[in-house]
Amino acid sequence: MRILVQKFGGTSLATEQAREFVIRHIARERDRGYALVVVVSAMGREGDPYATDTLLKMIASNGDSLPAREKDLLLGCGEIISTAVLVSKLRSEGINASGLTGGAAGVITDSTFGSARIVEVRTEALIETLQRGDVAVVAGFQGRTENSELTTLGRGGSDTSATALGAALRAERVDIYTDVNGILTADPRIVSEAKPLTVVGYAEICNMARQGAKVIHPRAVEIAQQARIPLRVRSTFSEDEGTLVTDDRTFAGTSVRDKHVTGIAHVAGVTQISVYAREGQVDVQLQVFQSMARHGISVDFINVTPGGAVYTVFDRDAEKAVQVLEKLGYIPNAVSGCAKVSVIGGGMNGVPGIMARIVEALSEASIPILQSADSNTTIWVLVRQENMADALRALHTKFELHL
Ligand code: ADP
Ligand code: MG
């Protein structure tokens, strides 16, 4: 059996018209002889009737009264609705299909409700479905514990469902269908000139995803990488083949890009915190980072200096972080409303002048750099959020990513 996994995101399922496109992709691959596992997200985006945030609004006025276990029962509904709707649509088009919850499809997780980790995928039910000749439609973003309790996988969960099923079934490929033409050089909602990448490696895409490119979840990419299963990210609304993610060298020549920089990503909503030792205070760095860890505040963009440290936290954690530091006797300075912009490229390693060009691009656009850091494959700059879009555009142009 040649197995293909297709995953359709929220906007791809939101309307009757969108679902027509979905059917076309399913029918085409079925006609090519693939056994199909179709993973679906909840329909639509924020505000749509069965979108995940809409489901949450139904209990918003009850405060925190719903335990994580029951909250997952609510969160899992959106994908189950999509599953049933798509099965009905497929059958009406004469395509045999069966629907499965994540649990029924064999996605077994631990019991961390709300952000469960997949511990095992039991493929028997899926194999049986495929052997019957049915398209297996599976609710993404969810699994079940050993005790058959429904769990959800956290942010980007449907991407993870798709690659985990692909890995367990040794699928030929996992296709992630979304509302853009692949993985682009930057978020097209901000940089209209952004261009789809043709072929990229797992590590680079994982890096872009971690730095904020929301088109695919990093965990999903890691799973595909470990299983060596190629991924394709492509649009539901066109026949373009989008972006192929693979480390297979035979595809290397098909990429027309020979650039030091692959893409630019961003994360908004971060606060920069600077804290310095005062008279008599020792071990400032140790105290600072231990206290952040103790309070579950995740820190990023850390620059340690002899007398202190500068780092970032999410805006939502900023107030708590400041309180914690003040309790320790420090007088921290917090700048909220910042954004981290990442310039990413496996090809920048050892190439001189990349930082110079970043500084040049931003100073030409009169954008102050609040902080910066670099690794072999990424250069990060922190800017004010109101400068973020201009910074992305300026860098995109400077590195000629539109060409
Ligand atoms: P889905 O519901 O299909 O999972 P997502 O909203 O999760 O869709 O992901 C698609 C969105 O990701 C696009 O609409 C785009 O705005 C955003 N995005 C951010 N960075 C990138 C990028 N580098 N390439 C493509 N899309 C990106
Ligand atoms: Mg998504």
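Residues numbered from 1 in each chain as written. Chains lettered and ligands numbered in written order. Predicted model: local features only at pLDDT ≥ 70, side-chain atom pairs only at ≥ 80, totals over all residues. Heavy atoms only, no water.

- The protein chain is annotated in an unreviewed UniProt entry as Aspartokinase from Paenibacillus cellulosilyticus.
- Under the Catalytic activity (unreviewed entry) heading, UniProt states for the protein chain: "L-aspartate + ATP = 4-phospho-L-aspartate + ADP".
- Under the Function (unreviewed entry) heading, UniProt states for the protein chain: "Catalyzes the phosphorylation of the beta-carboxyl group of aspartic acid with ATP to yield 4-phospho-L-aspartate, which is involved in the branched biosynthetic pathway leading to the biosynthesis of amino acids threonine, isoleucine and methionine." (UniProt positions renumbered as here; feature names shortened; annotations may be inferred.)

**Some remarks on the overall build of the protein chain**
- From N to C terminus, the protein chain includes 13 helices and 18 strands.
- Since a compact globule built from 403 residues should have a radius of gyration of about 22 Å, the 23 Å found for the protein chain is in line with a globular shape.
- Projected onto the principal axes, the alpha-carbon positions of the protein chain cover approximately 75 × 55 × 35 Å.
- When each of the 403 residues of the protein chain is scored for burial, the buried share is 50%.
- Partitioning the intrachain contacts of the protein chain with sequence separation of at least 6 by distance along the chain shows that 73% fall at a separation of at least 24.
- Approximately 18300 Å² of the protein chain is accessible, and the part contributed by carbon and sulfur atoms is 49%. (Helix = DSSP H or I, 4+ residues; strand = E, 2+ residues; numbered from the N terminus. Rg over C-alpha atoms; globule rule 2.2 N^0.38 Å. Buried < 20%, exposed > 50% of the residue type's maximum accessible area, 1.4 Å probe, protein only. Contact = heavy atoms within 4.5 Å. Areas by Shrake-Rupley, 256 points an atom, 1.4 Å probe, with all protein chains shown as cover.)

**Observations concerning the UniProt feature "binding site: ATP" (unreviewed entry) in the protein chain**
- Under the UniProt annotation, "binding site: ATP" (unreviewed entry) lies at K7, F8, G9, G10, T178, D179, R189, K214 and V215.
- Relative to the elements of secondary structure, D179 occurs in the loop between β9 (173-178) and β10 (199-200).
- Discounting chain neighbours no more than four positions away, the residues touching D179 are T11, R45 and F237.
- A polar contact is formed between the side chain of D179 and the side chain of R45, at a distance of 3.0 Å.
- Note that K214 resides in the loop between α8 (202-210) and α9 (218-227). (Polar contact = N/O pair within 3.5 Å; in protein donor to acceptor, adjacent residues only side chain to side chain.)

**Details of the domain arrangement of the protein chain**
- With domains assigned, the protein chain is organised as domain 1 (3-251) and domain 2 (263-399).
- Placing the centre of domain 1 and that of domain 2 at their C-alpha centroids yields a distance of 32 Å.
- With both chains or domains summed, domain 1 and domain 2 bury close to 1200 Å², and 58% of this area falls on carbon and sulfur atoms.
- At the boundary of domain 1 and domain 2, one finds zero salt bridges. (Domains from an automatic or database assignment. Buried area = accessible area lost by both parts, 1.4 Å probe. Salt bridge = Lys/Arg side-chain N within 4 Å of Asp/Glu carboxyl O.)

**Thoughts on the sheet that holds β9**
- Strands sit in the order β3-β6-β2-β1-β9-β11-β12-β10 across an open sheet of eight strands; the sheet is mixed. Looking along the sheet, the strands with just one partner apiece sit at the ends: β3 (97-100) and β10.
- For β3 and strand β6 (residues 135-139), the ladder comprises four bridges, and the chain directions are parallel. Paired with A97 across the bridge in β6 is V135.
- Set on the sheet, helix α5 (residues 77-92) makes contact with β2 (35-40), β3 and β6; between it and β6 the angle comes to about 160 degrees. (Pairing = 2+ DSSP bridges. Axes fitted to C-alpha atoms, helices over the stretch in contact; angles between N-to-C directions.)

**As for helix α12 (residues 354-364)**
- Every buried residue of α12 is accounted for by I354, I358, A361 and L362. Along the axis of α12, the buried residues cluster in a sector spanning 90 degrees; they form a single face.
- Where α12 is buried, its residues touch β16 (333-344), β18 (378-384) and α13 (385-398).
- Of the residues flanking the end of α12, it is S366, one or two places downstream, whose phi is positive at about 55 degrees. (Arc of directions from axis to C-beta.)

**Section: the nonpolar core**
- The biggest cluster of nonpolar side chains holds 38 residues, and the ones touching the most others in it are V37, L126, L165, I205 and I216.
- Looking at this core, the element that brings in the most residues is α8, giving four residues.
- Setting aside residues up to four positions removed in sequence, L165 forms contacts with V5, V37, V39, A105, V107, V121, L126 and V138.
- Membership of the second largest hydrophobic core comes to 26 residues, among which are V191, I367, V383 and M388. (Core = buried A, V, L, I, M, F, W, Y, C linked by side-chain atoms within 4.5 Å.)

**Remarks on the UniProt feature "domain: ACT" (unreviewed entry) in the protein chain**
- According to UniProt, the "domain: ACT" (unreviewed entry) feature falls on residues 343-403.
- Secondary structure across residues 343-403 divides into 41% helix and 21% strand, with the first and last C-alpha atoms of the span separated by 17 Å.

**A look at the site of ligand 1**
- Residues in contact with ligand 1 amount to 19 residues; listed here are only the nearest, R45, T178, L184, D187 and R189.
- Interatomic distance of 2.7 Å between a side-chain N/O atom of T178 and an oxygen atom of ligand 1.
- In isolation ligand 1 offers 570 Å² of accessible surface; the protein chains occlude 88% of this area.
- When its residues are assigned to classes, the shell around ligand 1 shows nine nonpolar, four polar and six charged. (Near = heavy atom within 4 Å. Nonpolar A, V, L, I, M, F, W, Y, C, P; charged D, E, K, R; others polar.)

**Concerning unusual backbone geometry**
- A positive phi is found at F141, a non-glycine position, where the angle reads about 70 degrees.
- Inspection of the secondary structure assignment puts F141 in the loop between β6 and β7 (142-144).

**Focus on the packing of aromatic side chains**
- Applying the stated criterion to the full structure yields three aromatic pairs.
- With centroids separated by 4.6 Å and ring planes inclined at 20 degrees, the aromatic side chains of F8 and Y177 adopt a geometry described as stacked. Of this pair, F8 sits in strand β1 (residues 3-8) while Y177 sits in strand β9, and the two are 169 residues apart along the sequence.
- Of the residues examined, F8 reaches a relative accessible area of 0% and is grouped as buried.
- Looking at Y177, the relative accessible area reads 0%, which means it is buried.
- Centroid distance F21 to F237: 5.4 Å. Interplanar angle 70 degrees. Geometry classified as edge-to-face. With F21 in helix α2 (residues 16-31) and F237 in the loop between β11 (231-235) and β12 (243-245), the pair connects residues that are 216 residues apart, well separated along the chain.
- Directly above the aromatic system of F21 lies the positively charged group of R24, at a separation of 4.8 Å from the ring centroid. (Phe/Tyr/Trp six-rings, centres within 6.5 Å; stacked < 30°, edge-to-face > 60°. Lys NZ or Arg CZ within 6 Å of the ring centre and 35° of its normal.)

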